Amino acid sequence: MVVTRADGPTRRLRAEDVLVAIEVVSPGSQRTDTVTEPSEYAEAGIPHYWVVDLDDPVSLVAYHFAEEFGYLEAPAVTRVFSTTDPVPLHVDLDALPRAR
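Because the structure is a prediction, the values reported are computed rather than measured.

## Some thoughts on the nonpolar core
So, point 1. One finds Val 18, Ala 21, Val 25, Tyr 41, Ala 42, Ile 46, Tyr 49, Val 51, Val 61, Tyr 63 and Tyr 71 forming the largest nonpolar core, which totals eleven residues.
So, point 2. Listing elements by their share of this core, those giving two or more residues are helix H1 (30-44), strand S4 (48-53) and strand S5 (59-65).
So, point 3. Formed by eight residues, the second largest nonpolar core is a distinct cluster that contains Val 58, Leu 60, Ala 62 and Leu 93.

## A look at the pairing of strand S3 (residues 20-24)
So, point 1. The side-chain alternation of S3 yields one buried face, formed by Ala 21 and Glu 23, and one unburied face, formed by Val 20, Ile 22 and Val 24.
So, point 2. Both S3 and S4 contribute to a ladder of five bridges, which runs parallel. From the neighbouring strand, Val 24 faces S4, where its bridge partner is Val 52.
So, point 3. A crossover links S3 with its parallel partner S4, the connecting element being H1, and its sense is right-handed.

## Description of the environment of Ala 62
So, point 1. Within the element layout of this structure, Ala 62 appears in strand S5.
So, point 2. Considering only alpha carbons, one finds Ala 62 and Tyr 49, 13 residues apart in sequence, at a separation of 6.0 Å.
So, point 3. Not counting the four nearest positions on each side in its chain, Ala 62 is found in contact with Tyr 49, Trp 50, Leu 72, Glu 73, Ala 74 and Phe 81.

## Notes on the side chain of Ser 59
So, point 1. Here Ser 59 lies in strand S5.
So, point 2. In this structure Ser 59 comes out as buried when scored by relative accessible area, which is 13%.

## Section: a nonpolar patch on the surface
So, point 1. A cluster of nonpolar side chains, namely Leu 19, Val 87 and Leu 89, defines an oily patch on the protein surface of about 240 Å² accessible area.
So, point 2. Inspection of the secondary structure assignment puts Leu 19 in the loop between strand S2 (11-12) and S3.
So, point 3. A relative accessible area of 51% means that Leu 19 is categorised as exposed.

## Description of the layout of surface pockets
So, point 1. By volume, the second largest pocket is sized at about 150 Å³.
So, point 2. Taken together, Ile 22, Val 24, Trp 50, Val 52, Leu 54, Leu 60, Phe 81, Leu 89, Val 91, Leu 93, Leu 96 and Pro 97 make up the full set of residues lining the second largest pocket.
So, point 3. The residue inventory of the lining of the second largest pocket, partitioned by class, reads twelve nonpolar, no polar and no charged.

## A look at the packing of aromatic side chains
So, point 1. Inspection of every chain in the model, using the stated rule, returns six aromatic pairs.
So, point 2. Seen from their ring centres, Tyr 41 and Tyr 49 are 5.0 Å apart, and the 65° between their planes marks the pair as edge-to-face. The exposure classification of Tyr 41 matches that of Tyr 49, with both residues buried.
So, point 3. Each member of the aromatic cluster is reached from another via a ring pair, and the members are Tyr 41, Tyr 49, Tyr 63, Phe 65 and Tyr 71.

Conventions used here
Residues numbered from 1 in each chain as written. Predicted model: local features only at pLDDT ≥ 70, side-chain atom pairs only at ≥ 80, totals over all residues. Heavy atoms only, no water. Core = buried A, V, L, I, M, F, W, Y, C linked by side-chain atoms within 4.5 Å. Buried < 20%, exposed > 50% of the residue type's maximum accessible area, 1.4 Å probe, protein only. Helix = DSSP H or I, 4+ residues; strand = E, 2+ residues; numbered from the N terminus. Pairing = 2+ DSSP bridges. Right-handed = clockwise from strand over helix to strand, strands pointing away. Contact = heavy atoms within 4.5 Å. Patch = residues over 30% accessible without salt bridge, like charges linked within 9 Å, V, L, I, M, F, W, Y side chains within 5 Å. Areas by Shrake-Rupley, 256 points an atom, 1.4 Å probe, with all protein chains shown as cover. Salt bridge = Lys/Arg side-chain N within 4 Å of Asp/Glu carboxyl O. 1 Å grid on protein atoms, 1.4 Å probe; cavity = no way out; pocket = protein on both sides within 12 Å on 5 of 7 lines; lining within 4 Å. Points joined across faces, edges and corners; volume = space filled by probe spheres on them. Nonpolar A, V, L, I, M, F, W, Y, C, P; charged D, E, K, R; others polar. Phe/Tyr/Trp six-rings, centres within 6.5 Å; stacked < 30°, edge-to-face > 60°.

Below you can see the structure in the form of structure tokens.
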């Protein structure tokens with residue numbers, strides 16, 4: 001997994017060091033982001049995987065790792081995403097830039 005930071009160099013992380021992987025759906029990547037990558041990240045043991053779709057309405061689908069079941073997918077959330085797992089977080093999805 002590669003992490004790019006605005007304030008520093010790009011570096012590689014090991015899967016066991018990742019709490020959550022977040023994907024923003026790009027044109028042409030929806031199948032990869034919602035089918036291929038969840039199974040790869042689950043196989044790697046990453047506990048959480050979130051997919052943000054910037055098409056109207058902006059939505060977030062949260063997957064959580066459920067051991068032998070792989071990822072379990074929660075229903076898509078619009079407007080506001082709140083969670084306490086893996087960390088407390090509140091995201092105003094309506095404030096995110098829209099897809100063009």
